[in-house]
Amino acid sequence: MICILLVAGHGTVLETQIKNDDTGLYSLLRGVPKALLPGIGGKKILDFWWETVNIYKHFERWATANDFPVENVINDGSTTLEDQLGAVADLQLAIRSRKLQDDIMVIAGDMLCADQNFDVAQVIRFFRSKPGELIIYYELEESEKSSSRGIVEVCPDTHRITRFLEKPQEGLTDSRLASVVFYCIQRDTLSHLSDFLSLQPQASDRSFGRFWEWLVNDKQLDVFGMKLPTGFQLIGQVGLSDYTKWLTHYSTKPQDNPAKPITFRSYARVGLMGNPSDGFNGKTIAMSISNFWAEVTLVESQTLVLVPHPLNDPTEFGSLQDLFCISRKEGYLGGLRLLQATCKKFYQFCSKQGIALTKQNFTLKYDTNIPRQVGLAGSSAIVSATLKCLMKFYNITDNDLPKPIRANFILNVETDELFITAGLQDRVVQVYEGLVYMDFSKKLMEEQGYGNYVPMDMSGLPPFWLAYLSDPSDSGRIHSNIRQRWLSGEPLVVEAMKTFAELTDKARMALRARDWSSLAQLMDQNFELRRTVYTDDCLGPGNLKMVQLAKQFGSAVKLPGSGGAVVGLCLDNARLVELRQAFQEAGCVFCVITPYNPSASTVGGQH
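Quick summary incoming for the structure in this document. Since we're looking at a predicted model, the values are computed, not measured. (Residues numbered from 1 in each chain as written. Predicted model: local features only at pLDDT ≥ 70, side-chain atom pairs only at ≥ 80, totals over all residues. Heavy atoms only, no water.)

## Observations concerning the nonpolar core
Point 1. Counting residues in hydrophobic clusters, the biggest one holds 110 residues, and the most contacted among them are Met287, Phe346, Trp465, Leu519 and Phe583.
Point 2. If one sorts the elements of this core by residue count, helix α17 (residues 516-539) sits on top with 11 residues.
Point 3. Residues in contact with Leu519, not counting those within four places in the same chain, are Met273, Phe464, Ala507, Ala510, Leu511 and Leu569. (Core = buried A, V, L, I, M, F, W, Y, C linked by side-chain atoms within 4.5 Å. Buried < 20%, exposed > 50% of the residue type's maximum accessible area, 1.4 Å probe, protein only. Helix = DSSP H or I, 4+ residues; strand = E, 2+ residues; numbered from the N terminus. Contact = heavy atoms within 4.5 Å.)

Encoded structure:
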């Protein structure tokens, strides 16, 4: 691939204002081409793109100073705005004069990129994965008008640019995605340059915006878009005031001082109804609880570092007996693998989705108080919080990674990368947070790739309680062979999953009506149905013991997850006190649930 930097612009607003400035502050910049104006850190703007791609008198001197072959600086013969050739004509001149027969990358050399760690290699990889041309775009800031940019409309599934509008008038498009002069063009498409130029005799019409309009809208060639989650600014389109503001803003950004840490929490959840049918095209209702959470902190650093947790990722033990006890209770796999798998999947997702990440490194560490191995979604909470940090750090928006897709992402981290048995319920409620109704019907899942997720009113909820084993087994074993039986169409399992969905719809109505007695009865029915399908051998003596204990005190009870804990609803406060004491005497941990309501908390769980 050949990279061509375009630097032959004339008659810009900035050039005129520098020439007319009477303060004397910018006298040294008079006559300096805009691509060679000072950029960040004392470097010229063109220096940034030269370092990024690493591939007349002012440019010749720049070329000599930067060990760039002077013969590759092409003079288009223009000296004023009136005799300029136009950007597309300049590109064709470079291709023709150097007899180029390769894919090319085209970049405006006078373009300031808001991020100084641009990763051009990721752009090239994405371009080579697509059967067409590539345009880089970004999302306009609120202060930017679409009428000043080339606007693209992009298919979110294929990343194909469906329409290109050069500086459209207000109302012509709802898109806020702006193209910049950063393109990759296949060698077989270069012949279209001549065709376009023959249709545009005026230099003012030979802009890249007009070229892409013609290529996308008229010729309907396959052109794809890749998003960079940062801003761009063409120097030729701004005045002296905006230019100095850009320099001041990016020059005063702390370079050596440690960046402010990014910290997010994701909360444990309890399945109130319908689980475990989320993995079987069923319906569920789940709730995030603020009693337990996982917290992940990300801070920018020179290298990428994943910090082991001192308790959950132990490498030193007091004795062999200590190792035995910790391994038996906690298992062998801590949270470090979750951080690593999330980072890997995040990079893979962004590359596939056409989002060019910057070359920034970071340090990740986590902490959690979610009890392990008791089915409260502790693993997915760490993945969820990590994803929130990565999205914030790389400026990935909800449009880039919508909530339903985010839940799928988290599930894929666990199932594809770490082979953890899991369903979508936990990931959905940890993304949406609060009390969420979920429909995973086969029709929805096949048509859109995710279910129907509806947040519910959390006001006036009854006092749910939670108890869990202090020495649990691996909660993942509870799933047994149900999936194989369901896939084979065993009537008992298939009908059970349909019944779980029906119970969920009834529970939804009970929650809306504040009918807590009906909700309690439905919770009991949920457990008995699960017991019928999974059998006592699969549920295990620990879970059954907790359920029987709760029933002795007249409390509704069911499993909130895959096993190791129970969630209940006791409408008699006096019996609830007795219930707590009985569970504690039985060696279990007991607590009254504090629901996590996102509308009453910090947005997105950020701290």
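## A short note on the pattern of salt bridges
Close approach of charged atoms allows side chains of opposite charge to pair.
Point 1. Inspection of every chain in the model, using the stated rule, returns 23 salt bridges.
Point 2. Residue Asp400 pairs with Lys227 through a salt bridge whose shortest N-O separation is 2.8 Å. Within this pair, whereas Asp400 is found in the loop between α11 (378-393) and α12 (403-417), its partner Lys227 is found in strand β8 (residues 223-227), the two being separated by 173 residues in sequence. Residue Asp400 shares its accessibility class with Lys227, and that shared class is buried.
Point 3. As a salt-bridge pair, Asp524 and Lys551 come within 3.5 Å of each other at their nearest N and O atoms. On the criterion of sequence distance, the pair formed by Asp524 in helix α17 and Lys551 in helix α18 (residues 541-552) is long-range, its members being 27 residues apart.
Point 4. Several salt bridges converge on common partners, so that one network encompasses Arg269, Glu414, Asp426 and Arg427. (Salt bridge = Lys/Arg side-chain N within 4 Å of Asp/Glu carboxyl O.)

## Here we look at the pairing of strand β13 (residues 361-368)
Point 1. By the bridge criterion, 8 bridges tie strand β11 (residues 283-301) to β13 in an arrangement that is antiparallel. From the neighbouring strand, Glu295 faces β13, where its bridge partner is Asp367.
Point 2. Relative to β13, strand β12 (residues 305-306) runs parallel, the two sharing 2 bridges. When the sheet's bridge partners are listed, Val305 is paired in β13 with Thr363. (Pairing = 2+ DSSP bridges.)

## Observations concerning the packing of aromatic side chains
Point 1. For the coordinates displayed, the defined rule picks out 19 aromatic pairs.
Point 2. A ring pair is formed by Phe211 and Trp214, whose centres lie 6.2 Å apart and whose planes are at 40 degrees; its orientation type is tilted. Pair noted here: Phe211 and Trp214 are both in helix α7 (residues 208-218), with a separation of 3 residues, about one helical turn. Per residue, the accessibility class of Phe211 equals that of Trp214, and both read buried.
Point 3. Taking the centre distance of 5.3 Å and the plane angle of 80 degrees together, the rings of Phe280 and Trp486 count as edge-to-face. Here Trp486 lies in helix α15 (residues 482-487) and Phe280 lies in the loop between β10 (262-273) and β11, a separation of 206 residues in the sequence.
Point 4. For Phe280, a relative accessible area of 7% puts it in the buried group. (Phe/Tyr/Trp six-rings, centres within 6.5 Å; stacked < 30°, edge-to-face > 60°.)

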